[in-house]
Amino acid sequence: MPRAFTPKVVTANALLEGDVVYLTADDQWTRDLRQAEVLTDEAVAQIRLLDASSRQAEIVGAYLADVAPTPDGPEPTHFREDFRRTGPSNHFHGKQADLADH
């Protein structure tokens, strides 16, 4: 029996900066996971991924990442995605410092 579809977001890396980005409901890229569109329908998720993947002048490596919807926005369900959103772990800087302010 196939697995039930779980909520997802479209994520990729910004082409010029390399930052992790997420697709919003209004087709913009954001660096803030809380603003990402949460996809709960598998067919819609696949279409959103195909559309995002075609934007090769903006992003690279688009894929669907599992998330858990929360009142504060989606949260990653896998260590890899949590690590990606906070950036390098060698120093508390950049995105890591920005997250501490929230």
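Preceding this paragraph is the structure being described.
The notes below deal with the structure included here. Quick caveat, the model's predicted, so the values are computed rather than measured. (Residues numbered from 1 in each chain as written. Predicted model: local features only at pLDDT ≥ 70, side-chain atom pairs only at ≥ 80, totals over all residues. Heavy atoms only, no water.)

1. Brief notes about the nonpolar core
A general trend in soluble globular proteins is that nonpolar side chains are found buried together.
Move 1: Core analysis: the biggest nonpolar cluster contains 13 residues, and Val10 and Trp29 have the highest contact counts within it.
Move 2: Mapped onto this core, the elements with two or more residues apiece are strand E1 (8-14), strand E2 (20-23), helix H1 (42-53) and strand E4 (59-68).
Move 3: Leave out the neighbours within four places in its chain, and Trp29 touches Val10, Ala12, Val21, Tyr22, Leu23, Ala52, Arg55, Glu58 and Ile59.
Move 4: Counting seven residues, the second-largest nonpolar core is a separate cluster that includes Val9, Val20, Ala36 and Val67. (Core = buried A, V, L, I, M, F, W, Y, C linked by side-chain atoms within 4.5 Å. Buried < 20%, exposed > 50% of the residue type's maximum accessible area, 1.4 Å probe, protein only. Helix = DSSP H or I, 4+ residues; strand = E, 2+ residues; numbered from the N terminus. Contact = heavy atoms within 4.5 Å.)

2. Notes on the side chain of Thr11
Move 1: Here Thr11 shows up in strand E1.
Move 2: Judged by relative accessible area, Thr11 falls into the buried class, the value being 0%.
Move 3: Of the polar contacts made by the side chain of Thr11, one reaches the backbone oxygen of Val21; its length is 3.0 Å.
Move 4: For Thr11, the residues in contact, after removing those within four places along its chain, are Val20, Val21, Tyr22, Gly61, Ala62, Tyr63, Ala65, Glu81 and Arg84. (Polar contact = N/O pair within 3.5 Å; in protein donor to acceptor, adjacent residues only side chain to side chain.)

3. Some words on the side chain of Glu81
Move 1: Inspection of the secondary structure puts Glu81 in helix H2 (residues 79-86).
Move 2: In this structure the side chain of Glu81 is engaged in a polar contact, spanning 3.3 Å, whose partner is the side chain of Arg80.
Move 3: Setting aside its immediate chain neighbours within four residues, Glu81 contacts Thr11, Tyr63, Ala65 and Pro76.

4. Considering a nonpolar patch on the surface
Move 1: Together, Leu15, Leu16 and Val60 give the surface a local cluster of nonpolar side chains, amounting to about 320 Å² of exposed area.
Move 2: As for its position among the elements, Val60 is in strand E4. (Patch = residues over 30% accessible without salt bridge, like charges linked within 9 Å, V, L, I, M, F, W, Y side chains within 5 Å. Areas by Shrake-Rupley, 256 points an atom, 1.4 Å probe, with all protein chains shown as cover. Salt bridge = Lys/Arg side-chain N within 4 Å of Asp/Glu carboxyl O.)

5. Some words on the sheet that holds E4
Move 1: Strand order in the open sheet made by the five strands is E3-E2-E1-E4-E5, with antiparallel pairing throughout. Both outer strands of the open sheet, strand E3 (29-30) and strand E5 (75-76), are each paired with one neighbouring strand and no more.
Move 2: For E1 and E2, the ladder comprises three bridges, and the chain directions are antiparallel. When the sheet's bridge partners are listed, Ala12 is paired in E2 with Val21.
Move 3: Across the face of the sheet, H1 comes into contact with E1, E2, E3 and E4 while running at roughly 155 degrees to E4. (Pairing = 2+ DSSP bridges. Axes fitted to C-alpha atoms, helices over the stretch in contact; angles between N-to-C directions.)

6. Concerning H1
Move 1: Between its first and last C-alpha, H1 extends 16 Å over 12 residues, near the 16 Å set by a 1.5 Å rise per residue.
Move 2: Regarding H1, the residues found buried are Ala45, Arg48, Leu49 and Ala52. Down the axis of H1, the sector holding all buried residues measures 100 degrees, keeping them to one side.
Move 3: Looking at the buried side of H1, the elements it contacts are E1, E2, E3 and E4.
Move 4: Two to three positions downstream of the cap, the backbone nitrogen of Ala43 sits 3.0 Å from a side-chain oxygen, assigning the N-cap of H1 to Asp41. (Expected span 1.5 Å × (residues − 1). Arc of directions from axis to C-beta.)

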